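Single-letter residue listing:
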Amino acid sequence: MSGGSQSTQARTGAGHGLGGRNRPAKVSIAFAGFGVASLANFYTGIAWLNPGIFVGMAVLSALIAVPAGHVGRLRGRRLDGEGRGTALLGIVVGWLLLFVCALAVLAYIGLIAGLAFLADAF
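### Observations regarding the packing of helix H2 (residues 23-44) against helix H4 (residues 84-121)
Line of reasoning, step 1. One can describe the packing of H2 onto H4 by two numbers: an axis separation of 8 Å at closest approach and a directional angle of 30°. Classified by the angle their axes make, H2 and H4 are roughly parallel. In this structure, H2 crosses over H4, and the sense of that crossing is left-handed. Every residue of H4 that contacts H2 at Ala25, Ser28, Ile29, Ala32, Gly35, Val36 and Leu39 is listed here: Thr86, Ala87, Leu89, Gly90, Ile91, Val93, Leu97, Val100 and Cys101.
Line of reasoning, step 2. Looking at side-chain class alone, the contact of H2 with H4 contains 12 nonpolar, 4 polar and no charged residues.

### With respect to the packing of aromatic side chains
Line of reasoning, step 1. Summed over the entire model, instances satisfying the criterion amount to 2 aromatic pairs.
Line of reasoning, step 2. Centre to centre, the rings of phenylalanine 31 and phenylalanine 34 are 5.5 Å apart; their planes meet at 85°, and the pair counts as edge-to-face. Residue phenylalanine 31 and its partner phenylalanine 34 are both found in helix H2; the two are separated by 3 residues, about one turn of the helix.
Line of reasoning, step 3. When the centroid spacing of 4.9 Å and the interplanar angle of 70° are considered together, the rings of phenylalanine 42 and tryptophan 48 count as edge-to-face.
Line of reasoning, step 4. Residue class for phenylalanine 42 comes out buried when judged on its relative accessible area of 17%.

Cut-offs and rules
- Residues numbered from 1 in each chain as written.
- Predicted model: local features only at pLDDT ≥ 70, side-chain atom pairs only at ≥ 80, totals over all residues.
- Heavy atoms only, no water.
- Axes fitted to C-alpha atoms, helices over the stretch in contact; angles between N-to-C directions.
- Helix = DSSP H or I, 4+ residues; strand = E, 2+ residues; numbered from the N terminus.
- Parallel < 35°, antiparallel > 145°, perpendicular 65-115°, else oblique.
- Left-handed = near helix turned anticlockwise from the far one by under 90°.
- Contact = heavy atoms within 4.5 Å.
- Nonpolar A, V, L, I, M, F, W, Y, C, P; charged D, E, K, R; others polar.
- Phe/Tyr/Trp six-rings, centres within 6.5 Å; stacked < 30°, edge-to-face > 60°.
- Buried < 20%, exposed > 50% of the residue type's maximum accessible area, 1.4 Å probe, protein only.

Laid out in structure tokens, this is it:
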């Protein structure tokens, strides 16, 4: 009787942790977390020393999280839905990271353009 429960556990991936056997889903959520952590450094103050590096790390993390999440969603279909939610979370957080980083870059460009306009006015 225990053999049947073990095969069910192996088939469903129970006991494998976050994402189970769906490794791209794990990669997606990990890189999404790295991107959030790099932007969270602005709250601590260390990222204000060189903001370009931290925004760049967040963008690179998001650029890895989104495609890995899509691969994880496709792989989740073959694994009976295992890790599809994790992969979806990685996709959503990755796109949100890209959106926030684009807003930050546009705000920085606007600040520089506004200061240039003010300096030229005097």
